[in-house]
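# A closer look at the structure
Chain residues, written in single-letter form:
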Amino acid sequence: MKSINESIAVEARNGVPCRFRWGRHTYRTRNLLDYWILQSRWWGREERRIYFRVETDRGVMDVYRAEESQGSSEPPPSRDSSCRWMLSKIMD
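Analysis parameters
Residues numbered from 1 in each chain as written. Predicted model: local features only at pLDDT ≥ 70, side-chain atom pairs only at ≥ 80, totals over all residues. Heavy atoms only, no water. Pairing = 2+ DSSP bridges. Helix = DSSP H or I, 4+ residues; strand = E, 2+ residues; numbered from the N terminus. Axes fitted to C-alpha atoms, helices over the stretch in contact; angles between N-to-C directions. Phe/Tyr/Trp six-rings, centres within 6.5 Å; stacked < 30°, edge-to-face > 60°. Buried < 20%, exposed > 50% of the residue type's maximum accessible area, 1.4 Å probe, protein only.

## Quick look at the sheet that holds strand β4 (residues 25-42)
By way of backbone hydrogen bonds, the strands of a sheet pair with one another, either parallel or antiparallel. Judged by pairing direction, the sheet is antiparallel, and its seven strands sit side by side in the order β1-β7-β6-β5-β4-β3-β2 without closing on themselves. A single partner strand is all that each edge strand has here, and the edge strands are β1 (2-7) and β2 (9-13). In this sheet, neighbouring strand axes are inclined to one another by 30° on average, regardless of whether the strands run parallel or antiparallel. Strand direction decides the pairing type here: strand β6 (residues 59-68) and strand β7 (residues 83-90), joined by seven bridges, are antiparallel. Considered in β7, the bridge of D62 is made with K89.

What follows is the structure in structure tokens.
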């Protein structure tokens, strides 16, 4: 497993990444294998991360959507400007 933690451009459907671009490559999601939510307070602000473990056409990867918490149990839409997408890990 390689830790990446770099920003990616994502095309999502219903909040789930279906395609994303990292570097010069575009990755297509074949299957959503798992997802989980981490919410924590860091330096006086609260952040929520929604992680997705996806099988792509080039392997298994963890990506997440980070958003500042609004105090609601529902995440804001993935196109919300307060969200950012990150490639977290690539499985070997």
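## Considering the packing of aromatic side chains
Counted by the stated rule, this structure contains four aromatic pairs. Taking 5.2 Å as the distance between ring centres and 20° as the angle between the ring planes, the aromatic pair formed by F20 and Y27 counts as stacked. When sorted by exposure, F20 lands in the same class as Y27, which is buried. Summarising the aromatic geometry, the rings of Y51 and Y64 are spaced 4.8 Å apart at their centres and angled 40° between planes, so their arrangement reads as tilted. Taken as a pair, Y51 in strand β5 (residues 45-56) and Y64 in strand β6 lie far apart in primary sequence, 13 residues in all. Residue Y51 shares its accessibility class with Y64, and that shared class is buried.

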